[in-house]
Number of protein chains: 2
Amino acid sequence: MSIIDAAASVFCREGFAGANIDLIAVEAGVSRQTIYNHHRDKEKLFMAVVRDLTERCNAGIFATFASFPDQPKDLEADLIGFAVRMNQNCICNRDGRFLRKLIQTEGERYPELFAEWRDQGPGRTWPALAARFARLAHAGHLAVDDPDVAARQFLALANAELQTTFMLGGMPSEDEVLQSATHGVRTFLRAFGKRRSAAAVEKQLASA
Amino acid sequence: MSIIDAAASVFCREGFAGANIDLIAVEAGVSRQTIYNHHRDKEKLFMAVVRDLTERCNAGIFATFASFPDQPKDLEADLIGFAVRMNQNCICNRDGRFLRKLIQTEGERYPELFAEWRDQGPGRTWPALAARFARLAHAGHLAVDDPDVAARQFLALANAELQTTFMLGGMPSEDEVLQSATHGVRTFLRAFGKRRSAAAVEKQLASA
DNA sequence: ACAAATTTAGACAGTCTTGTCTAATTCGTC
DNA sequence: GACGAATTAGACAAGACTGTCTAAATTTGT
């Protein structure tokens, strides 16, 4: 395991103040001195960790965006699939959980660092997702007034049932993710879906 | 400021490991020895803080539940009001923010303590909220299949636009809370509202 | 195989923190 | 005012951690 990865793990478990450089060294399989050689001090190491996590998470998010159903065949199924991928590959994976925890625990202590995250993260991903929904609406698949609101609500709904697990830093099971995404997308489409056929309604009620 | 309140403040700002008993003493306006007299050690003090916050938050939540619109006059306005009260009095206030942060930062370190919170908090409040929605549905105001899912989604939608602020431990402005609640409830009612009149749709679109 | 660069183990000073102890002071109550 | 309980300031030992230093060992490139 690289120094950065080990540091991320320890910083997350113990917090910045509680993190022990010796422990990071052991976990990374290097000597303490090597850490001090690569990263001047604890704070610099911490910054490097956050930067690394932010980059990787953003890369993952944009990669997942590429699989957004721009021309959906089955809108509900396609959006559920997208929500699941979003959760599994960006929000519930190691990097996502670690970054979220570091932001929550140390965000107030390093305003400029996390302002950078905010600009590079949500500041870029939310509008990008909103644009996808706007295109979907323009193509007649959705009835959306405000794509920004819709994008935020889509993610909120997809994660609605994972909140408690997230709170405690846990990793939801695949089944929980699928459940939450399914319920969330169904509600999303009840609100923003267009011309739902009677058959679709029937099917939805039957499988609830 | 009481010892517990000062301790809550410092534990939140600095984390358990980073919290300094001397600082808590200064902030509480007592000597360090008094803290050790009342609470045997740092860990016991921390436990007392979490217990206190959990109790107060639960009390606030159930108090707010009493204002749930069981017989709504204007369902949208009443639900928005409820969502705003929920946010202002339970989620965004001092106790709510502190408890959330402590759970996020130290939850994994004290499983039994936060299991207690989980049982007393979400474990009791979510079903209680679900029961309200079930009653609303039974009275013909909503079309809800699964009240538990609806309750979780209601809260997720009401907070959808506050997530970034929550992440960094910030306190959203009254306006942000109202905005998020308004958008959230509108979407909720688009999904679960019954027999929406054409006039209501028009009004909603006009004010968007 | 050799030389340079990197890594390692361990010791080390300096700082900080917890939790205890003691003696003096303040407070509440009669 | 007097007495017992609570609080205070400060010193203190024990332990932990950071960041530096040195000399030996290991890796790397040629």
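A few points on the structure. Everything quoted here is computed from the prediction, not taken from an experiment.

Quick look at the environment of A:Arg118 now. Structurally, A:Arg118 can be placed in helix H7 (residues 111-120). Owing to a relative accessible area of 39%, A:Arg118 belongs among the partly exposed residues under this scheme. Residues A:Arg118 and A:Ala25 lie 93 residues apart in sequence; the distance between their C-alpha atoms is 30 Å. Leave out the neighbours within four places in its chain, and A:Arg118 touches A:Gly123, B:Thr164 and B:Leu168.

A word on the protein's contact with DNA strand D. Taken together, 15 residues lie near DNA strand D, and A:Ala19, A:Gln33, B:Ser31, B:Arg32 and B:Thr34 sit nearest. Of everything in DNA strand D that lies within 4 Å of the protein, sugar and phosphate atoms constitute 68%. The side chain of A:Gln33 places a nitrogen or oxygen atom 2.5 Å from a base nitrogen of DNA strand D. A distance of 2.9 Å separates a base nitrogen of DNA strand D from a polar side-chain atom of B:Arg32. Only helix H3 (32-38) of chain A together with helix H3 (32-38) of chain B provide two or more residues apiece to the surface near DNA strand D. Tallying contributions element by element places H3(B) first for the surface near DNA strand D, with four residues. In the surface near DNA strand D, the residues fall into four nonpolar, seven polar and four charged.

Moving on to the interface of chain A and chain B. In this complex, chain A contributes 36 residues to the contact, which on the side of chain B involves 36 residues. Where chain A abuts chain B, roughly 3,700 Å² becomes buried across the two surfaces, and 58% of that area is made up of carbon and sulfur atoms. Here chain A is connected to chain B by eight salt bridges. With a shortest N-O distance of 2.6 Å, B:Glu108 and A:Lys101 are connected by a salt bridge. The tally of links between chain A and chain B comes to 16 residue pairs in polar contact (both at pLDDT 80 or more). Listing elements by their share of the side of chain A that touches chain B, those giving two or more residues are helix H1 (3-18), helix H6 (94-106), H7, helix H9 (147-158), helix H10 (163-167) and helix H11 (174-192) of chain A. Residue contributions to the side of chain A that touches chain B peak at six residues, all from H11(A). The residue makeup of the side of chain A that touches chain B, split by class, is 15 nonpolar, 10 polar and 11 charged.

Here is what the cut-offs are and how they apply
Residues numbered from 1 in each chain as written. Chains lettered and ligands numbered in written order. Predicted model: local features only at pLDDT ≥ 70, side-chain atom pairs only at ≥ 80, totals over all residues. Heavy atoms only, no water. Helix = DSSP H or I, 4+ residues; strand = E, 2+ residues; numbered from the N terminus. Buried < 20%, exposed > 50% of the residue type's maximum accessible area, 1.4 Å probe, protein only. Contact = heavy atoms within 4.5 Å. Near = heavy atom within 4 Å. Polar contact = N/O pair within 3.5 Å; in protein donor to acceptor, adjacent residues only side chain to side chain. Nonpolar A, V, L, I, M, F, W, Y, C, P; charged D, E, K, R; others polar. Buried area = accessible area lost by both parts, 1.4 Å probe. Salt bridge = Lys/Arg side-chain N within 4 Å of Asp/Glu carboxyl O.

Geometric descriptors of this kind do not, in isolation, establish any biological role.
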